[in-house]
Amino acid sequence: MATRVKDVARRSTKKYVEEALYRRLFRKGSTPQAVREEVDGFLDSRKRAFKWEVGVCVRRMRRNELYRPALKLTEVMARRGMNPTVSDQAIRLDLVAKSRGIAAAEKYFLDLPETSKTHLTYGALLNCYCKELMTEKAESLMEKMKELNFAFTAMSYNSLMTLYTKVNQPEKVPSIIQDMKADDVLPDIFTYNVWMRALAALKDIPGVERVIEEMKRDGRVTPDWTTYSNLASIYVDAGLFEKAEAALKELEKRNTSNDIEAYQFLITLYGRTQNLVEVHRVWRSLKRNCPRKVNMSYLNMIQVLANLKDLPAAEACFKEWEARHIHPPKTNMKGSEASTTEPESSTNVPSNQLDVKGTKGVEELELKHPKYDIRVANAMIKAYIAEGMLDKAVALKKRAKMRGGRLNAKTWEIFMEHYLKAGDLKMAHWCADRAIKKGHSGGRIWVPPHEVTETLMGYFEKNKDVDGAEQYVDVLKKVQKDLGTLVFEPLVRTYATAGKKFPGMRQRLKIENVELGEETAKLLDSICVEQ
């Protein structure tokens, strides 16, 4: 890796991107919009990058679920002459499936040259079928792989077993294990973990414990902290808290490298056993052994404390996160002088940075931070709302925005759920509208649950609010293609109860491919009348 970094430092900046590509693409953070803009900027520049750099970026984008920009990067670089390996093609197949759907992934697979149709690309397609819960296609492809002698690693079997656990067919997993043993396919750590999960789903706790013992006898596969995390979670689900805590002690012993993710699992699982003392002890260990704590650590801790009703500790954790991670951005002296000498200038201060009284708050301007992780604030907002502290939740939302947090769909979903429970459907509608728009503009589509849409459409019908209903439908269409009878039946009834006419409603329903129920269909005669 050191040699590669030196190569980047020595290369020509006329032909190549000025800095390491992964730094360039993530310099503004890892949000979908920021990465998408940087990918577009790099590709528009027509500058080159080393192949290994592209691979590093694609891996990171996949980890962050940024599938579309990752796919665009691989496709454009391939068109510009960067020859992909079979492994690269397998990764691209996965990206195509996640960005454009299974049909597009199947076409990509079929169009590959025969030399590229190896266990890697077959395995990638199998994994796509399993992810989409397409049982028949997955089973058929697995048989094909066996015929071609491509099913010689545990990975394909693991994908199929995971599929069976997700479609509530855990009883099929033991037979897959027997097939592996018959075909001399050696299990890996994931195999044992998914096997344990399947037996747990069958309420076979003794069977789970036998798997652990078999793993220990295997000698080739050593139980690691993920194994004991899995075991502890199984025990917690079964209500066996004493055994769960014994497994957590084993987990802690095996976390010799101070993996921050292991600490997060410890905190979460101790939280589920209602052991607040151990939650705080592990948190202290995490802070001592992982001084560079990530935002997710604070997010996880706040959620656990909120679930345990320890709101003061959750508030203290949030304040610590703000103090340590949300620092004022560095400004040059000229900028600082300008802000202190002209605090009242309305022309120099953006309106979204004004303080709550409407005056220009210099302190708030200094506190604004470009990388404020709104997920952490959302966890605290949700904790406040769960405890009935709406005022504090609203104040925190404003504070987060003031300090640079970009409110997202989840922020508005939390408030929407509160207003729905409170019966304030007007505010619930407003929050749902904001959530849909934020999700759409931010690149992470948010679609309201069916029961929410049903409730809101019922609200419009009750209040004879045709305009409100139509506005909601327009916003919903941006994120959901087929609205169906869930939306259009109450929409028709809203027109009828309001006494409003819509001559083109029948044509609209035909275009939307919606068939109304018998009672609602009768209302069309009164609605579809020329005004």
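Since the structure is predicted, the reported quantities are computational estimates derived from the model, not experimental observations.

Reading the values: the criteria
Residues numbered from 1 in each chain as written. Predicted model: local features only at pLDDT ≥ 70, side-chain atom pairs only at ≥ 80, totals over all residues. Heavy atoms only, no water. Axes fitted to C-alpha atoms, helices over the stretch in contact; angles between N-to-C directions. Helix = DSSP H or I, 4+ residues; strand = E, 2+ residues; numbered from the N terminus. Parallel < 35°, antiparallel > 145°, perpendicular 65-115°, else oblique. Contact = heavy atoms within 4.5 Å. Nonpolar A, V, L, I, M, F, W, Y, C, P; charged D, E, K, R; others polar. Core = buried A, V, L, I, M, F, W, Y, C linked by side-chain atoms within 4.5 Å. Buried < 20%, exposed > 50% of the residue type's maximum accessible area, 1.4 Å probe, protein only. Salt bridge = Lys/Arg side-chain N within 4 Å of Asp/Glu carboxyl O. Phe/Tyr/Trp six-rings, centres within 6.5 Å; stacked < 30°, edge-to-face > 60°. Lys NZ or Arg CZ within 6 Å of the ring centre and 35° of its normal.

**Observations regarding the packing of helix α26 (residues 450-462) against helix α28 (residues 484-498)**
Here's step 1: Where α26 meets α28, the axes come as close as 9 Å, and the angle between the chain directions of the two elements is 5°. Relative to α28, α26 is oriented roughly parallel. Contacts between α26 and α28 involve H450, T453, E454, M457, F460 and E461 from the former and L486, V487, P490, L491, R493, T494 and T497 from the latter.
Here's step 2: The residue makeup of the contact of α26 with α28, split by class, is six nonpolar, four polar and three charged.

**Quick notes on the nonpolar core**
Here's step 1: In terms of nonpolar packing, the biggest core is built from 160 residues, with L25, F42, M61, L73, F318 and M380 touching the most fellow members.
Here's step 2: When near neighbours in sequence (up to four residues on either side) are disregarded, F318 contacts I302, Y372, V376, A377, M380 and L396.

**Side note on the pattern of salt bridges**
Here's step 1: Taken as a whole, this structure holds 40 salt bridges when the rule is applied.
Here's step 2: One salt bridge in this structure joins E278 and K249, with 3.0 Å as the shortest N-O distance. On the criterion of sequence distance, the pair formed by E278 in helix α17 (residues 276-289) and K249 in helix α15 (residues 241-254) is long-range, its members being 29 residues apart.
Here's step 3: Its relative accessible area of 13% is what places E278 among the buried residues.
Here's step 4: Through salt bridges with shared partners, a single network forms among R24, R27, K28 and E38.

**Regarding the packing of aromatic side chains**
Here's step 1: Taken as a whole, this structure holds 12 aromatic pairs when the rule is applied.
Here's step 2: Look at W225 and F265: their rings are 5.7 Å apart centre to centre, the planes differ by 50°, and that puts the pair in the tilted class. Placement of W225 in helix α14 (residues 225-237) and of F265 in helix α16 (residues 260-272) is noted, with a sequence separation of 40 residues between them.
Here's step 3: Relative to W321, the ring of F318 lies with its centre 5.6 Å away and its plane at 40°, an arrangement referred to as tilted. With a gap of three residues between them, F318 and W321 both fall in helix α19 (residues 311-325), about one helical turn apart.
Here's step 4: Sitting over the face of the ring of F109, K117 holds its NZ or CZ atom 5.5 Å from the ring centroid.

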